[in-house]
Amino acid sequence: MSNTPEELTNHSYDGIQEYDNPLPGWWVWLFVGSIAFCPFYWAYFHAGIPGRSIHDQYNDAVAQNLRQQFAELGELQPDRATLLKYLDDKRWLAVGESVFKTNCVSCHGPSAEGKVGPNLCDDSWKNVKTIEDVAKVIAQGAGGRAMPAWGQRLHPNELVLVACYVASLRGSNPPNAKAPEPEAKVIPPWRG
Ligand code: HEC
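Here is what the cut-offs are and how they apply
Residues numbered from 1 in each chain as written. Predicted model: local features only at pLDDT ≥ 70, side-chain atom pairs only at ≥ 80, totals over all residues. Heavy atoms only, no water. Donors = N, O, S within 2.8 Å, 3.2 Å for Na, K, Ca; no water. Tetrahedral: all angles 85-135°; square planar, octahedral: opposite > 155°, others 65-115°. Helix = DSSP H or I, 4+ residues; strand = E, 2+ residues; numbered from the N terminus. Expected span 1.5 Å × (residues − 1). Salt bridge = Lys/Arg side-chain N within 4 Å of Asp/Glu carboxyl O. Near = heavy atom within 4 Å. Polar contact = N/O pair within 3.5 Å; in protein donor to acceptor, adjacent residues only side chain to side chain. 1 Å grid on protein atoms, 1.4 Å probe; cavity = no way out; pocket = protein on both sides within 12 Å on 5 of 7 lines; lining within 4 Å. Sits in = over half its atoms within 2 Å of the grid points. Nonpolar A, V, L, I, M, F, W, Y, C, P; charged D, E, K, R; others polar. Buried < 20%, exposed > 50% of the residue type's maximum accessible area, 1.4 Å probe, protein only. Arc of directions from axis to C-beta. Patch = residues over 30% accessible without salt bridge, like charges linked within 9 Å, V, L, I, M, F, W, Y side chains within 5 Å. Areas by Shrake-Rupley, 256 points an atom, 1.4 Å probe, with all protein chains shown as cover. Lys, Arg positive; Asp, Glu negative; His and termini not counted. Charge placed at Lys NZ, Arg CZ, Asp CG, Glu CD. Pairing = 2+ DSSP bridges. Core = buried A, V, L, I, M, F, W, Y, C linked by side-chain atoms within 4.5 Å. Contact = heavy atoms within 4.5 Å. Domains from an automatic or database assignment. Points joined across faces, edges and corners; volume = space filled by probe spheres on them.

### A look at the coordination of the iron atom of the ligand
Then, in step 1: The protein atoms that coordinate the iron atom of the ligand are His-108 (NE2) and Met-147 (SD), at distances of 2.0 to 2.1 Å.
Then, in step 2: Around the iron atom of the ligand sit six donor atoms, and with donor-metal-donor angles ranging over 88 to 179° the site reads as octahedral. Placement of His-108 in helix α5 (residues 105–108) and of Met-147 in the loop between α6 (131–140) and α7 (156–168) is noted, with a sequence separation of 39 residues between them.

Here you go:
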């Protein structure tokens, strides 16, 4: 496409003149079309209708995945046999780990090395003598609610798996480990 001098707009800035070129039709329609489309897009994804935003879809997918996984487990009981069974099960410990990362690191630290709450990686325990006690303390809380009760907040399987994860950290010796609580006592190994 070449322009003739008649198509010049009749202004000039510092001696520079310009042609009166219209925008290509396809471009204009794309522009108009995208503006016309956007209220529908917004209404569908962002108007607050549950289940449609990308976050809702992600959470649904995670929940569905967890349900499928837990269907495979059945409902775990916090008894000794079950806790020892999952203590070495890498795949399920990963679920326990994610429960820990979501709910427990604020007080126990990212490696359970201890912050406000005690270090959970050493051999000294205050409310715990056996592996069943780990699940019990998590379910019921301790220290006059300084350690919250999680029994009503976690799925029973999450509770068992986070107990296994915590028990599996024993001996992991993280850096910056907090010293044992004064009342804590050294207890026998989980399988002892
Ligand atoms: C609000 C802070 C807080 C959160 C969150 C928290 N804890 Fe605790 N936890 C504590 C405190 C404080 C104690 C010590 C209680 C005591 O002195 O008897 C404790 C104690 C424990 C004990 C017993 C330790 C022992 O030596 O007897 C276990 C096991 C434990 N927590 C696991 C967990 C798990 C698993 C989670 C996440 C599901 C969690 N905690 C979340 C503060 C917390």
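Continuing now.
### Remarks on helix α2 (residues 54–73)
Then, in step 1: Along its 20 residues, α2 runs 29 Å from first to last C-alpha, staying within 8% of the 28 Å computed at 1.5 Å per residue.
Then, in step 2: In the segment just after α2, Gly-74 is the residue with positive phi, at about 75°.

### With respect to the pattern of salt bridges
Then, in step 1: The final tally for this structure, using the stated rule, is seven salt bridges.
Then, in step 2: The residue Glu-72 makes a salt bridge to Arg-91 at a minimum N-O spacing of 2.7 Å. Here Glu-72, found in helix α2, pairs with Arg-91, found in helix α4 (residues 90–103); they are 19 residues apart in sequence, far enough to count as distant.
Then, in step 3: Arg-191 is the partner of Asp-88 in a salt bridge, and the nearest nitrogen-oxygen pair spans 2.9 Å. In this pair, Asp-88 is assigned in the loop between α3 (80–86) and α4 and Arg-191 in the segment after β4 (185–186), connecting sequence segments 103 residues apart.

### Describing the site of the ligand
Then, in step 1: Near the ligand you find 21 residues, and of these Cys-104, Cys-107, His-108, Lys-126 and Met-147 are the closest.
Then, in step 2: Between His-108 and the ligand, the recorded distance is 2.8 Å, taken from a side-chain N or O atom to a nitrogen atom.
Then, in step 3: Applying the majority rule of atoms within 2 Å of the grid points places the ligand in the largest pocket.
Then, in step 4: When contributions to the shell around the ligand are tallied by element, the ones reaching two or more residues are α5 and α6.
Then, in step 5: Across the shell around the ligand, the residue classes break down as 14 nonpolar, six polar and one charged.

### Let's talk about α4
Then, in step 1: Look at α4: 20 Å from first C-alpha to last across 14 residues, which is about the 20 Å you get at 1.5 Å a residue.
Then, in step 2: Those residues of α4 that fall on the buried side of the exposure criterion are Trp-92, Leu-93, Val-95, Gly-96, Val-99 and Phe-100. Around the axis of α4, the buried residues are gathered within 150° of arc, so they sit on the same side. Projecting away from the buried face of α4 at angles above 90 degrees are the exposed residues Lys-90 and Thr-102.

### Some remarks on a negative patch on the surface
Then, in step 1: Judged by side-chain charge, Glu-6, Glu-7, Glu-18 and Asp-20 come together as a negatively charged surface patch.
Then, in step 2: For Asp-20, a relative accessible area of 51% gives the class exposed.

### Quick notes on the pairing of strand β2 (residues 16–19)
Then, in step 1: Relative to β2, strand β1 (residues 8–13) is paired through three bridges, and the arrangement is antiparallel. Among the inter-strand pairings, Leu-8 is bridged to a residue of β2, identified as Tyr-19.
Then, in step 2: Turn length for the β1-β2 hairpin, with the two strands adjacent in sequence and antiparallel, is two residues, and the turn residue Asp-14 shows positive phi of about 50°.

### Re the nonpolar core
Then, in step 1: One finds Phe-100, Ile-138, Leu-161 and Trp-190 to be the most contacted residues of the largest nonpolar core, which totals 39 residues.
Then, in step 2: Elements with a minimum of two residues in this core: α2, α3, α4, α6 and α7.
Then, in step 3: Sort the elements by how many residues they give to this core and α7 lands first, with nine residues.
Then, in step 4: Setting aside chain neighbours within four positions, we find Phe-100 in contact with Val-105, His-108, Gly-109, Pro-110, Ala-112, Leu-120, Val-162, Tyr-165 and Val-166.

### Focus on the domain arrangement of the protein
For interface size, the figure often reported is the accessible area lost on association.
Then, in step 1: If you check the domain split of the protein, you get domain 1 (5–46) and domain 2 (75–186).
Then, in step 2: On a C-alpha basis, the centres of domain 1 and domain 2 stand 62 Å from each other.

### Focus on the layout of surface pockets
Then, in step 1: The computed volume of the largest pocket comes to approximately 640 Å³.
Then, in step 2: Per-class residue counts for the lining of the largest pocket are 21 nonpolar, eight polar and three charged.
Then, in step 3: Forming the boundary of the second largest pocket are 14 residues, of which Pro-78, Ala-139, Pro-156, Leu-159 and Val-160 lie nearest the centre.
Then, in step 4: When contributions to the lining of the second largest pocket are tallied by element, the ones reaching two or more residues are α6 and α7.
Then, in step 5: In terms of residue count, the dominant contributor to the lining of the second largest pocket is α6 (four residues).
Then, in step 6: Here the lining of the second largest pocket is composed, by residue class, of eight nonpolar, three polar and three charged.

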